[in-house]
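Structural features, examined
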Amino acid sequence: MKAALVTPLPVQEYLEGEQRSEIRHEYVAGQVYVMAGAKLRHNAIVRNLAMLRGQHKNTFREFFIADMKVRVGSIDAFYYPDIVVTGTDRS
């Protein structure tokens, strides 16, 4: 039996579909993956990580959680990480 060939989905089609979708999907090199739901313990860990923001008073950092799509351009991928930290040190 031959394996079925899967045609990669163009980035623009992924982005358009994601806007219409009620559930999130990640995209890696033309392949789309449905996101799994998070458990209570998982969300508690993410909350605790986000609370670290108060310990970074000497930085220009922003902490984002939930629904922040991140593009990794070098591999043509989109992810929804649990937490995103942006910025630089003030020094």
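Residues numbered from 1 in each chain as written. Predicted model: local features only at pLDDT ≥ 70, side-chain atom pairs only at ≥ 80, totals over all residues. Heavy atoms only, no water.

1. Brief notes about the overall build of the protein
For the protein, the count of helices and strands is two helices and six strands. Across the protein, helices and strands are ordered from the amino to the carboxyl terminus as α-β-β-α-β-β-β-β. Per-residue burial over the protein gives 16% buried out of 91 residues. On the protein, roughly 7400 Å² of surface is accessible, and the fraction owed to carbon and sulfur atoms is 56%. (Helix = DSSP H or I, 4+ residues; strand = E, 2+ residues; numbered from the N terminus. Buried < 20%, exposed > 50% of the residue type's maximum accessible area, 1.4 Å probe, protein only. Areas by Shrake-Rupley, 256 points an atom, 1.4 Å probe, with all protein chains shown as cover.)

2. Describing the pattern of salt bridges
In total, this model carries one salt bridge according to the counting rule given. A salt bridge links Asp76 to Arg71; its shortest N-O distance comes to 3.1 Å. Accessibility expressed as a relative area gives 29% for Asp76, which makes it partly exposed. For Arg71, a relative accessible area of 49% corresponds to the partly exposed category. (Salt bridge = Lys/Arg side-chain N within 4 Å of Asp/Glu carboxyl O.)

3. Examining the sheet that holds strand β5 (residues 77-79)
Pairing within the open sheet is antiparallel, and its four strands lie in the order β2-β1-β5-β4. Sheet topology places β2 (31-34) and β4 (70-72) at the edges, where each strand pairs with a single neighbour. Each strand axis lies, on average, 25° off the axis of its neighbour in the sheet, ignoring direction. Sheet strands in contact with helix α1 (residues 11-20) are β1 (25-28), β2, β4 and β5, and its direction is about 175° off that of β1. (Pairing = 2+ DSSP bridges. Axes fitted to C-alpha atoms, helices over the stretch in contact; angles between N-to-C directions. Contact = heavy atoms within 4.5 Å.)

4. Comments concerning a nonpolar patch on the surface
The grouping of Ile45, Leu49 and Leu52 at the surface amounts to a nonpolar patch, some 230 Å² of accessible area in total. Relative to the elements of secondary structure, Ile45 occurs in helix α2 (residues 40-50). (Patch = residues over 30% accessible without salt bridge, like charges linked within 9 Å, V, L, I, M, F, W, Y side chains within 5 Å.)

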